[in-house]
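Structural features, examined
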Amino acid sequence: MAELSDPDAKLAAGVLAGKRRALAKAITLAESTRPDHEESAQRVLESILPHTGKAIRIGISGAPGVGKSTFIEALGMHLIEQGKRVAVLAVDPSSAQSGGSILGDKTRMERLSLREEAFIRPTPSSGKLGGVAARTREALLLCEAAGFDVIIVETVGVGQSETAVAGMTDVFVLLQLPNAGDELQAIKKGIVELADIIAVNKADIDPKAADLTAGQIKAALSMLRPSSKSWQPRVLEVSALKNQGIEGFWQAVMDYRKIMQACGEFDLKRRRQALNWMWMLIESGLSSRFRSNPAVHADLPELSRAVEQGAVSPAAAANRLLEYLKLKS
Ligand code: GDP
């Protein structure tokens, strides 16, 4: 059996059998930028792809301190009690830009991380956001193939990471603080438009403020055009710390899935996401091919200087450099 001696096939089989070590190894492979690793990772992904798609993919975002890890832990424990297996992945834009991390690899979700039914994967600590997001997407597929029922992708309310996470999940959740009276940052930044569910967390501290905030968000949402004809974003009040509203939140996720599946938008969204992902990979592949092209490499410094000095127009320089890609193929 040639296939069994093939390490990539073995690794894929381990993932499909739900073995944690195989899963962790396959994700590490998918995160690697070594060309031979990339090739292996693609082979593993190709062979597990037919076994993906069964989980519900949830994106969770919110500013640092809003209670994301507390919430994910409470939700994760609730789901485990229901007999589900939960994977938690992270897209951390700060780590992508600076190597430092806002989400942090500290001892977050301590209870959840001890559970056999949970798999928590800290974010890769380097690379561009697009690259980190692409690798998270691959990790998500690997977790699905390994039999996890719920995949949570967490991100922090900074930069473009919300869009990336909303683009790889079925339902996008925004956590907010009860900051009644303040201007709502998320509305200003346009993140609310991405949200299918908004949960006002820490409602235990000041329930009135939480009510007020929820009301403000609802009012703001009613002025936006909903992204789906069938789903009006829901606003909930929860307390992750006190474990309140978690069941109601999960019910909202289930309602979302049911309604969106019934009208066909659930699958449509996934199909669009897959196509968008293909385009993102084409664009990043083109850009890395461009940068590693020897002729580009040789000509770039001089041409860049010429453009800076106004001796060559940016368009002419770009055209000349892009022509080098043709030579290769
Ligand atoms: P993250 O940065 O968004 O992951 O936030 P954390 O989950 O680390 O929470 C930040 C702080 O808020 C911690 O001290 C939590 O204990 C606290 N916290 C989280 N959720 C709640 C809540 O529902 N109520 C209260 N009172 N505190 C909370």
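Residues numbered from 1 in each chain as written. Predicted model: local features only at pLDDT ≥ 70, side-chain atom pairs only at ≥ 80, totals over all residues. Heavy atoms only, no water.

Take empty space enclosed by the protein next. Taken as a whole and judged by the stated rule, the model has 3 cavities of 30 Å³ or more. Roughly 70 Å³ of internal volume is contained in the largest cavity. What lines the largest cavity is Val192, Glu193, Ala195, Leu221, Leu224, Arg225, Pro226, Ser227, Gln232 and Pro233. Here the lining of the largest cavity is composed, by residue class, of 6 nonpolar, 2 polar and 2 charged. (1 Å grid on protein atoms, 1.4 Å probe; cavity = no way out; pocket = protein on both sides within 12 Å on 5 of 7 lines; lining within 4 Å. Points joined across faces, edges and corners; volume = space filled by probe spheres on them. Nonpolar A, V, L, I, M, F, W, Y, C, P; charged D, E, K, R; others polar.)

Next up on the list: the sheet that holds strand β6 (residues 197-200). Reading across from one edge, β3-β2-β4-β1-β5-β6-β7 is the order of the 7 strands in this open sheet, with parallel pairing throughout. Looking along the sheet, the strands with just one partner apiece sit at the ends: β3 (118-120) and β7 (234-237). Geometrically, the sheet is characterised by an average inter-axis angle of 20° between neighbouring strands, direction not taken into account. As paired elements, strand β2 (residues 86-91) and β3 share 3 bridges and run parallel to each other. (Pairing = 2+ DSSP bridges. Helix = DSSP H or I, 4+ residues; strand = E, 2+ residues; numbered from the N terminus. Axes fitted to C-alpha atoms, helices over the stretch in contact; angles between N-to-C directions.)

For β6 and β7, the ladder comprises 4 bridges, and the chain directions are parallel. From the neighbouring strand, isoleucine 197 faces β7, where its bridge partner is arginine 234.

Let us look at the packing of helix α3 (residues 20-31) against helix α4 (residues 35-48). Packing of α3 against α4 brings their axes to within 8 Å, and their N-to-C directions diverge by 130°. It follows from the interaxial angle that α3 and α4 lie oblique. The handedness of the crossing between α3 and α4 is left-handed. The segment α3 lies against α4, with Ala26, Leu29 and Ala30 engaging His37, Ser40, Ala41 and Val44. Per-class residue counts for the contact of α3 with α4 are 5 nonpolar, 2 polar and no charged. (Parallel < 35°, antiparallel > 145°, perpendicular 65-115°, else oblique. Left-handed = near helix turned anticlockwise from the far one by under 90°. Contact = heavy atoms within 4.5 Å.)

Spacing of three or four residues puts side chains on the same side of an α-helix, whose turn is 3.6 residues. Look at helix α5 (residues 68-81): 20 Å from first C-alpha to last across 14 residues, which is about the 20 Å you get at 1.5 Å a residue. Taking burial as the measure, the 14 residues of α5 include 12 buried ones, the bulk of the element. Listing the buried residues of α5 in full gives Lys68, Ser69, Phe71, Ile72, Glu73, Ala74, Leu75, Gly76, Met77, His78, Leu79 and Ile80. Just downstream of α5, glycine 83 is the residue with a positive phi angle, here 90°. (Expected span 1.5 Å × (residues − 1). Buried < 20%, exposed > 50% of the residue type's maximum accessible area, 1.4 Å probe, protein only.)

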